Amino acid sequence: RHLDVNPQNVNPTVAGTALPDDFLRPYPGYGSITYYDNAGYSNYNALQVAANRRFARGLQFGLAYTYSKTMDMADNDRDALPAYRPYRIWSYGRAGFDQTHVAVINYTWDIPRASKLWDNRLVKAVFDNWQLSGITAFASGTPGGIGYSLVDSGTDITGGGDGGRIIVTGNPNLPDGQQTVAATGFVQWINPTAFARPARGDFGNAPKDVFRNPGTHNWDFSFFKNIPLKSESRYMQFRWEMYNAFNHTQWSGIDTTARFDAAGAQVNTRFGQVNAARNARVMQGSLRLTF
């Protein structure tokens, strides 16, 4: 189908439109036929560094850091590639799981016994035999794309094919100081004025990776206390775990769909704002008897 309809494909029931696709298929009785092929390509390049301190004097820790870049045409098996648009322009870009920086620190610490400072039975029972362990992770956000919809939904922008994309007119990434709470009460993550409605017949210029989603920095802690019983082979263990221990708000989703009216104005008041967050602090405790 085309925006300027070929005479032989004109829909006689709706002026100026083409017949539905099913009227134009070469094999009557069949709908879309999917063809699977080992097509496309991807690449991953990274600098990976790790350092570890073995357990000594009640302390061990490790650091793993990765600086990487992942490029591909599709993130998953059987993802679709364009049938008409150039692969390199339309599909190639940063993978949806690309994270430039990832740093993870792990640690275990046998907390010094308080009874060394005050040799008291109560102090020994309450403050001795504690251990702290944890995992701290810092990671860049993943790439995100932008979609759009039209208030006048009957308008045919591309006339079929691989569909269309939004027009990017400027830098969609807001500086940290401008990622503030909008009038809707939600944080504005990307610049909503950096996009425009495509004209009729325009496939758009947006790449698949337009902006970066929020990153993460997360702290998980576990506290252990071993309580000796009458013999060395028997003890009670108290365990307290905290995930996202500092209860830091970490965004996990952005409203990425612009909505344009017939005049080209963007009318989605939530466009570019955060709309989801990862879990708040979660804590749990347990007791275990070993014998």
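This text gives an overview of the structure that appears in the document. (Residues numbered from 1 in each chain as written. Predicted model: local features only at pLDDT ≥ 70, side-chain atom pairs only at ≥ 80, totals over all residues. Heavy atoms only, no water.)

1. Regarding the side chain of Gln179
So, step 1. Mapped onto the secondary structure, Gln179 falls in the loop between strand E8 (167-168) and strand E9 (195-196).
So, step 2. Note on Gln179: relative accessible area 19%, which makes it buried.
So, step 3. Not counting residues up to four positions away in its chain, the partners in contact with Gln179 are Leu174, Val187, Gln188 and Trp189. (Helix = DSSP H or I, 4+ residues; strand = E, 2+ residues; numbered from the N terminus. Buried < 20%, exposed > 50% of the residue type's maximum accessible area, 1.4 Å probe, protein only. Contact = heavy atoms within 4.5 Å.)

2. Looking at the pattern of salt bridges
So, step 1. In total, this model carries 5 salt bridges according to the counting rule given.
So, step 2. Through salt bridges that share partners, Arg94, Asp98 and Arg212 make up one connected network. (Salt bridge = Lys/Arg side-chain N within 4 Å of Asp/Glu carboxyl O.)

3. Looking at a nonpolar patch on the surface
So, step 1. Side chains of Ile227, Leu229, Leu289 and Phe291 sit close together on the surface and give an oily, nonpolar patch of about 410 Å² of accessible area.
So, step 2. Take Ile227: its relative accessible area is 34%, and that puts it in the partly exposed class. (Patch = residues over 30% accessible without salt bridge, like charges linked within 9 Å, V, L, I, M, F, W, Y side chains within 5 Å. Areas by Shrake-Rupley, 256 points an atom, 1.4 Å probe, with all protein chains shown as cover.)

4. Quick notes on the environment of Phe23
So, step 1. Structurally, Phe23 can be placed in helix H1 (residues 21-24).
So, step 2. In this structure Phe23 comes out as exposed when scored by relative accessible area, which is 60%.
So, step 3. Put simply, Phe23 and Asn11 are 12 residues apart on the chain and 9.8 Å apart in space, counted from C-alpha to C-alpha.

5. Re the packing of aromatic side chains
So, step 1. In total, this model carries 9 aromatic pairs according to the counting rule given.
So, step 2. Taking 6.1 Å as the distance between ring centres and 85° as the angle between the ring planes, the aromatic pair formed by Phe138 and Trp219 counts as edge-to-face. With Phe138 in strand E5 (residues 130-139) and Trp219 in strand E11 (residues 216-228), this pair connects stretches of sequence that are 81 residues apart.
So, step 3. Note on Phe138: relative accessible area 34%, which makes it partly exposed.
So, step 4. Summarising the aromatic geometry, the rings of Phe195 and Phe271 are spaced 5.5 Å apart at their centres and angled 70° between planes, so their arrangement reads as edge-to-face. Of this pair, Phe195 sits in strand E9 while Phe271 sits in the loop between strand E14 (257-260) and strand E15 (274-277), and the two are 76 residues apart along the sequence.
So, step 5. The exposure class of Phe271 is buried, given its relative accessible area of 1%.
So, step 6. Pairwise contacts between aromatic rings join Tyr107, Phe138, Trp219, Phe221 and Phe246 into one cluster.
So, step 7. Across from the ring centre of Tyr36, 4.5 Å away, lies the NZ or CZ of Arg78, which sits over that ring. (Phe/Tyr/Trp six-rings, centres within 6.5 Å; stacked < 30°, edge-to-face > 60°. Lys NZ or Arg CZ within 6 Å of the ring centre and 35° of its normal.)

6. What to know about the environment of Asn213
So, step 1. Tracing the backbone shows Asn213 in the loop between strand E10 (211-212) and E11.
So, step 2. Under the relative-accessibility criterion, Asn213 is labelled buried at 19%.
So, step 3. Between the alpha carbons of Asn213 and Asp176 there is a distance of 13 Å; along the sequence they are 37 residues apart.
So, step 4. Setting aside its immediate chain neighbours within four residues, Asn213 contacts Gly141, Thr142, Pro143, Gly144, Trp189 and Ile254.

7. Observations concerning the pairing of strand E2 (residues 59-72)
So, step 1. Bridge count for strand E1 (residues 42-56) against E2 is 13 bridges, and the pairing is antiparallel. Directly across from Tyr44, in E2, lies its bridge partner Thr70.
So, step 2. Count of turn residues in the E1/E2 antiparallel hairpin: 2 residues, of which Arg57 carries a positive phi of about 55°.
So, step 3. Summarising the sheet, E2 and strand E4 (residues 101-110) pair through 9 bridges and their orientation is antiparallel. Of the residues in E4, the one forming a bridge with Gly62 is Asn106.
So, step 4. Relative to strand E3 (residues 93-94), E2 is paired through 2 bridges, and the arrangement is antiparallel. Residue Asp72 lies in a different strand from E3, and its bridge partner there is Gly93. (Pairing = 2+ DSSP bridges.)

8. Looking at the layout of surface pockets
So, step 1. Of the pockets and cavities examined, the largest pocket occupies roughly 1,400 Å³.
So, step 2. Lining the largest pocket are 40 residues, with Ala80, Leu81, Pro82, Ala83 and Asp162 positioned closest to its centre.
So, step 3. For the lining of the largest pocket, the class distribution of residues is 18 nonpolar, 11 polar and 11 charged.
So, step 4. In this model, the second largest pocket occupies a volume close to 170 Å³.
So, step 5. Taken together, 16 residues line the second largest pocket, and the ones lying closest to its centre are Met73, Ala74, Asp75, Gly96 and Lys208.
So, step 6. In the lining of the second largest pocket, the residues fall into 6 nonpolar, 4 polar and 6 charged. (1 Å grid on protein atoms, 1.4 Å probe; cavity = no way out; pocket = protein on both sides within 12 Å on 5 of 7 lines; lining within 4 Å. Points joined across faces, edges and corners; volume = space filled by probe spheres on them. Nonpolar A, V, L, I, M, F, W, Y, C, P; charged D, E, K, R; others polar.)

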